[in-house]
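# Survey of secondary and tertiary structure
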Amino acid sequence: MKEKLQKIREEAMRQIEASEELSKLNDVRVAFLGKKGELTAVLKGMKDVIPEERPIVGQLVNETRAAIEEMLEHTKQKLERAEMNFRLKQEVIDVTLPAKRSRVGHRHPNTIALEEVERIFVGMGYEVVEGPEIEYDYYNFEALNIPPDHPAKDEQDTFYINDKILLRTQTSPVQVRTMESRPLPIRMIAPGRVFRSDEVDATHSPSFHQIEGMVIDKNITFADLKGTLAEFAKELFGQDTKVKFRPHHFPFTEPSAEVDVTCFKCGGKGCRFCKGSGWIEILGCGMIHPKVLRMSGIDPEEYSGFAFGVGLERIALLKYEIDDMRLLYENDDRFLRQF
């Protein structure tokens, strides 16, 4: 038995010394100390040893196990150190190389333009109000004095969900909801996404953004509207900017007008940007129609107000001199990095 244990010990030591990888070292551990290992087999044979010699054989087995385990642990630590040194050499970091630059994201040009508009009107005492993008026909059309036979209600222009529900074509419904629910006086702007059945090109999209504004109070006149929009244009495009009002027609305002500003590229002299006219159209506006006030529960004999609407993308295109609206939505990193 003693000779057998000595042979097991010598063979284990030889195989441990020959192990060059941790996986092979583990195979040696299992072969000699595992449940079916050679040393375990010796312990199972203790029943055949005479009782007087069992203590001596048991001591020899324990000494052999301890020697093998000690050699295994020593070799394991040596192999782990060698593996770590190899990895460190392979994964060495050259601190003299240029570092990788982390690119930080930033606001979209639409967001930059929206925040600028909100800053201007909030500074004038306006409140920013939001409303649902899926809207009732009543709020999108009827309450804005748009009759059932109006061209704007044609299915080729509006995305209908059913005969009473649609994707809003403007943010004006937010004005109606505000008139119904808020106490007077009201000073608000309503930015948001709108939807129209348009073909995609350089100036049109089936989904875009508008900013509607509204003021309702006693003794509000067209002069208040003109002064407000003149101040807005100066804040947005520069203090030398002038405004021009041209008569127009909108169902929900009377009188109505479209507003032009002097070209901020040429100062009104005429250039390629303004097509030689010296003026650029930016928005539509007017005094709120008495029927619209009355349908929202406001007495037009006591209160009056004005409203205006501007396309957010139009402001971004003009302010940042972008010639194609599609660039705002194509997520071309080369374009967006410029802002």
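This write-up is about the structure you can find in this document.

Reading the values: the criteria
- Residues numbered from 1 in each chain as written.
- Predicted model: local features only at pLDDT ≥ 70, side-chain atom pairs only at ≥ 80, totals over all residues.
- Heavy atoms only, no water.
- Salt bridge = Lys/Arg side-chain N within 4 Å of Asp/Glu carboxyl O.
- Helix = DSSP H or I, 4+ residues; strand = E, 2+ residues; numbered from the N terminus.
- Buried < 20%, exposed > 50% of the residue type's maximum accessible area, 1.4 Å probe, protein only.
- Axes fitted to C-alpha atoms, helices over the stretch in contact; angles between N-to-C directions.
- Parallel < 35°, antiparallel > 145°, perpendicular 65-115°, else oblique.
- Left-handed = near helix turned anticlockwise from the far one by under 90°.
- Contact = heavy atoms within 4.5 Å.
- Nonpolar A, V, L, I, M, F, W, Y, C, P; charged D, E, K, R; others polar.

### Observations regarding the pattern of salt bridges
Under the criterion given, the structure shown has 14 salt bridges. Here Glu 11 makes a salt bridge to Arg 14, at a shortest N to O gap of 2.5 Å. Placement of the pair is Glu 11 and Arg 14 together in helix 1 (residues 2-18), with a separation of three residues, close to one helical turn. Judged by relative accessible area, which is 27%, Glu 11 ranks as partly exposed. Members of the salt-bridge network, linked through shared partners, are Arg 246, Glu 258, Asp 260 and Glu 281.

### Observations concerning the packing of helix 5 (residues 109-123) against helix 8 (residues 222-237)
Relative orientation of the contacting elements helix 5 and helix 8 amounts to 135°, with a least axis distance of 10 Å. As the angle between them shows, helix 5 and helix 8 are arranged oblique. The handedness of the crossing between helix 5 and helix 8 is right-handed. Across the interface between the two elements, Glu 116, Val 117, Arg 119, Ile 120 and Phe 121 from helix 5 touch Thr 228, Phe 232, Glu 235 and Leu 236 from helix 8. Looking at the contact of helix 5 with helix 8 residue by residue, the classes come out as five nonpolar, one polar and three charged.

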